[in-house]
Amino acid sequence: MEMLQVIGISLIGAFFAMVLKEQKPNLSFLLVVFVGSSIFLFLVEKITAIVQTVERLAISSNVNMLYFATILKIIGIAYIAEFAAQITKDAGQASISTKIEFAGKIIILTMAIPILTAIIESVIQLVAS
Amino acid sequence: MPIDVDLIFKIAGVGLIVAFIVTILDQVGKKEYAQWVILVSFIYILFNIASVVGELMDKIRSVFLFQ
């Protein structure tokens, strides 16, 4: 079972991070980064399956692929920003973590501008007609 | 892909052994060697971590359609 594998890895990582924090805090931080990225690498195949399913649904329902790609990119940015913000918060740099979250929000907003303009244009067309 | 547990044990082992060596070198009075041991171990671990994080970035780029 895969969940047990993830739990085992996380517990081993947490234990070693606790032990290493007494001796070498910087190596303990690197260990935490490694555990986080390896868990995501483990999950990548499942995420790929989910994304392919959603993509098939989008193709079959004739959604504009530009919007679909934008939404997918936004999900990716949200995930990376969350990951980096958690890691920097663990490293004790809460201010950098807040900046990462802020940058994620701004970049997501700029990527969503085409969708927003499309919505506003269609609303204007409805009102005008 | 399976998680490689070996690297977790490797990092933890390197950390503990380096802490041990540094303590001994400090006791003997070779503080400058202890600094070098810390630096080299840190660079070694950082190199391993950087390759894993780079792989993660590549995967994210391919899954979420970044060009």
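Predicted model, so just to flag it, every value in this text is computed and none were measured.

Caption draft 1: A look at the confidence of the model for chain A. Of the residues in chain A, 100% have a pLDDT of 70 or more, and the chain-wide mean is 90. Per-element confidence in chain A is highest for helix H4 (residues 94-128) of chain A, whose mean pLDDT is 93, and lowest for helix H2 (residues 25-60) of chain A, whose mean pLDDT is 89.

Caption draft 2: Examining the side chain of A:Ser37 more closely. Within the element layout of this structure, A:Ser37 appears in helix H2. Given a relative accessible area of 0%, A:Ser37 falls into the buried group. Every residue in contact with A:Ser37, bar those within four places of it in the chain, is listed here: A:Phe83, B:Val52, B:Val53 and B:Leu56.

Caption draft 3: Looking closely at the domain arrangement of chain A. All names here are of chain A. Segmenting chain A into domains produces domain 1 (1-63) and domain 2 (64-129). Averaged C-alpha coordinates put domain 1 and domain 2 at centres separated by 22 Å. Its largest share of buried area at the contact with domain 2, domain 1 owes to Phe-29, Phe-40 and Val-63, together 45% of the area lost on that side. Inspection of the domain 1/domain 2 interface yields zero salt bridges. Taken together, the connections running from domain 1 to domain 2 amount to one residue pair in polar contact (both at pLDDT 80 or more). Tallied by class, the residues present in the side of domain 1 that touches domain 2 amount to nine nonpolar, three polar and one charged.

Caption draft 4: The arrangement of unusual backbone geometry in detail. Residue and element names in this part refer to chain A. Backbone geometry places Asn-62, a non-glycine residue, at a positive phi of 55°. Looking at the secondary structure, you find Asn-62 in the loop between H2 and helix H3 (65-90). Given the relative accessible area of 70%, Asn-62 is considered exposed.

Caption draft 5: Local environment of the confidence of the model for chain B. Mean pLDDT over chain B: 86, with 94% of residues reaching 70 or higher. Scored as a whole, the predicted complex attains pTM 0.81, and scored at its interfaces, ipTM 0.81.

Caption draft 6: Focus on the interface of chain A and chain B. Every contact between the two is made by 33 residues of chain A and, on the other side, 28 residues of chain B. Taking both sides of the interface into account, the surface hidden between chain A and chain B amounts to around 3,200 Å²; carbon and sulfur atoms contribute 88%. When residues of chain A are sorted by the area they lose upon contact with chain B, A:Leu30, A:Phe34 and A:Leu41 head the list and together hold 21% of the total. One can count zero salt bridges joining chain A with chain B. Joining chain A to chain B, the criterion identifies zero residue pairs in polar contact (both at pLDDT 80 or more). For the side of chain A that touches chain B, the elements supplying multiple residues, two or more each, are helix H1 (2-23), H2 and H3 of chain A. The element that contributes the greatest number of residues to the side of chain A that touches chain B is H2(A), accounting for 17 residues. Taken together, the residues of the side of chain A that touches chain B sort by class into 23 nonpolar, seven polar and three charged.

Caption draft 7: Structural view of the packing of aromatic side chains. This structure, assessed with the given rule, holds four aromatic pairs over all chains. Taking the centre distance of 5.4 Å and the plane angle of 80° together, the rings of A:Phe16 and B:Phe9 count as edge-to-face. With A:Phe16 in helix H1 and B:Phe9 in helix H1 (residues 5-28), this residue pair bridges two chains. Of the residues examined, A:Phe16 reaches a relative accessible area of 15% and is grouped as buried. Residue B:Phe9 is classed as partly exposed on the basis of its relative accessible area of 42%. When the centroid spacing of 6.3 Å and the interplanar angle of 20° are considered together, the rings of A:Tyr79 and A:Phe83 count as stacked. Here A:Tyr79 and its partner A:Phe83 are both found in helix H3, four residues apart, which amounts to about one turn of the helix.

Calculation rules
- Residues numbered from 1 in each chain as written.
- Chains lettered and ligands numbered in written order.
- Predicted model: local features only at pLDDT ≥ 70, side-chain atom pairs only at ≥ 80, totals over all residues.
- Heavy atoms only, no water.
- pLDDT = per-residue confidence, 0-100.
- Helix = DSSP H or I, 4+ residues; strand = E, 2+ residues; numbered from the N terminus.
- Buried < 20%, exposed > 50% of the residue type's maximum accessible area, 1.4 Å probe, protein only.
- Contact = heavy atoms within 4.5 Å.
- Domains from an automatic or database assignment.
- Buried area = accessible area lost by both parts, 1.4 Å probe.
- Salt bridge = Lys/Arg side-chain N within 4 Å of Asp/Glu carboxyl O.
- Polar contact = N/O pair within 3.5 Å; in protein donor to acceptor, adjacent residues only side chain to side chain.
- Nonpolar A, V, L, I, M, F, W, Y, C, P; charged D, E, K, R; others polar.
- Phe/Tyr/Trp six-rings, centres within 6.5 Å; stacked < 30°, edge-to-face > 60°.

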